[in-house]
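Listed below are the residues making up each chain.
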Amino acid sequence: MIRITNLVKRFGGAAVLDGIDMDIARGEIIVVIGPSGTGKSTLLRCLNFLERPDAGHLVLNDLDMDVATASARSILAVRRRTAFVFQNYALFANKTALENIAEGLLVVHRWPRHKAHARARDILERIGLADKGDAYPASLSGGQQQRVGIGRAMAARADVILFDEPTSSLDPEWVEEVLELMKQLAAERQTMLVVTHEMNFARDVADRVIFMESGRIVEQGPPSQLFSAPQDPRTRAFLRKML
Ligand code: ADP
Ligand code: MG
């Protein structure tokens, strides 16, 4: 469904992504791990054009583009088919849970209001917050806010959902409910690319784990293989610290 070839992103002179190649199949659950500062967030942000890559090629279903020169129209098309879940939720503080979920449908997808709100109510049900549609983010727990963040990503029926450390900002008591929702999506075979330090989630849910370091993919494989028999010394060193 997705093929990324030779993705490069520089900040100043340094290549933060140094030639990333990645294929993602429909329904695949991929977890990306690696040390801090290694380019994991930048990879996700480039896939959604939150950052403009310096080079690379992207195929996403019928879309096919050179990412460095992609037109505004191509970028919008990619944004419509990819959804992003942020570490800090990034909800609109002045909108209710329902409005946060409906916002992308209204603005990006130009749905009529009644239809967007109907879908948002549906989603609220699925994320276990049917009674919180009128609540503002400040009145919700961290776990509830992130479930709204995930609900917003679910609303658009994106081809792929990109999760950037979705539980890293949460108090420990809220982590499990967010991981449970992600597991529910995984069980429905929602294609997802998840950056996380939750190794148990990776082990239980991922079809494939990718270990990145210094802007490159060092090693990848099914969790059973990568966690029990990592081949590269850098992977071994990282996992020793994490597991
Ligand atoms: P990770 O998510 O793996 O921790 P990031 O993708 O956030 O890593 O960052 C990779 C590197 O790129 C880091 O050295 C970071 O400081 C740098 N970086 C990220 N975003 C920017 C930016 N907008 N401007 C300059 N440097 C950045
Ligand atoms: Mg990051």
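All values derive from a computational prediction rather than experimental measurement.

Description of the UniProt feature "domain: ABC transporter" (unreviewed entry) in the protein chain
Feature annotation in UniProt places "domain: ABC transporter" (unreviewed entry) on residues 2-239, given in this structure's numbering. The straight-line gap between the two end C-alpha atoms of residues 2-239 is 28 Å; of that span, 39% is helix and 26% is strand.

Quick look at the packing of aromatic side chains
To describe a pair of aromatic rings, one takes the distance between the centres and the angle between the planes. The full count for this structure, using the stated rule, is two aromatic pairs. Sitting over the face of the ring of Phe 92, Lys 95 holds its NZ or CZ atom 5.9 Å from the ring centroid.

Some points on the sheet that holds strand β5 (residues 63-66)
Strand order in the open sheet formed by four strands is β2-β1-β4-β5, and the pairing between neighbours is antiparallel. Each edge of the sheet is formed by a strand with only one pairing partner; in this case those strands are β2 (14-24) and β5. When the angles between neighbouring strand axes are averaged without regard to direction, this sheet yields 15°. On the sheet, helix α2 (residues 72-81) packs against β4 (55-60) and β5 and is oriented at approximately 130° with respect to β5.

Concerning the pattern of salt bridges
Tallied over the entire structure, the rule returns eleven salt bridges. Notably, a salt bridge pairs Arg 126 with Glu 188, separated by 2.7 Å at the nearest N-O pair. Separated by 62 residues along the polypeptide, Arg 126 in helix α4 (residues 113-126) and Glu 188 in the loop between α6 (172-187) and β8 (192-195) bring together distant segments of the chain. Judged by its relative accessible area of 43%, Glu 188 is partly exposed. Across the salt bridge formed by Arg 147 and Glu 177, the nearest N and O atoms sit 2.7 Å from each other. Note that Arg 147 is positioned in helix α5 (residues 142-155) and Glu 177 in helix α6, a separation of 30 residues in sequence.

Here's the deal with the nonpolar core
Ile 33, Ile 150, Phe 163, Met 182 and Met 192 are the most contacted members of the largest nonpolar core, which totals 50 residues. Residue contributions to this core peak at seven residues, all from α6. Here Met 192 is in contact with Glu 28, Ile 29, Ile 30, Val 160, Ile 161, Phe 163, Met 182, Leu 185, Ala 186 and Phe 201, once residues within four sequence places are set aside. Ranked by size, the runner-up nonpolar core spans 30 residues in total, among them Leu 7, Leu 44, Cys 46 and Met 212.

Rules used in this analysis
- Residues numbered from 1 in each chain as written.
- Chains lettered and ligands numbered in written order.
- Predicted model: local features only at pLDDT ≥ 70, side-chain atom pairs only at ≥ 80, totals over all residues.
- Heavy atoms only, no water.
- UniProt positions renumbered as here; feature names shortened; annotations may be inferred.
- Helix = DSSP H or I, 4+ residues; strand = E, 2+ residues; numbered from the N terminus.
- Phe/Tyr/Trp six-rings, centres within 6.5 Å; stacked < 30°, edge-to-face > 60°.
- Lys NZ or Arg CZ within 6 Å of the ring centre and 35° of its normal.
- Pairing = 2+ DSSP bridges.
- Axes fitted to C-alpha atoms, helices over the stretch in contact; angles between N-to-C directions.
- Contact = heavy atoms within 4.5 Å.
- Salt bridge = Lys/Arg side-chain N within 4 Å of Asp/Glu carboxyl O.
- Buried < 20%, exposed > 50% of the residue type's maximum accessible area, 1.4 Å probe, protein only.
- Core = buried A, V, L, I, M, F, W, Y, C linked by side-chain atoms within 4.5 Å.

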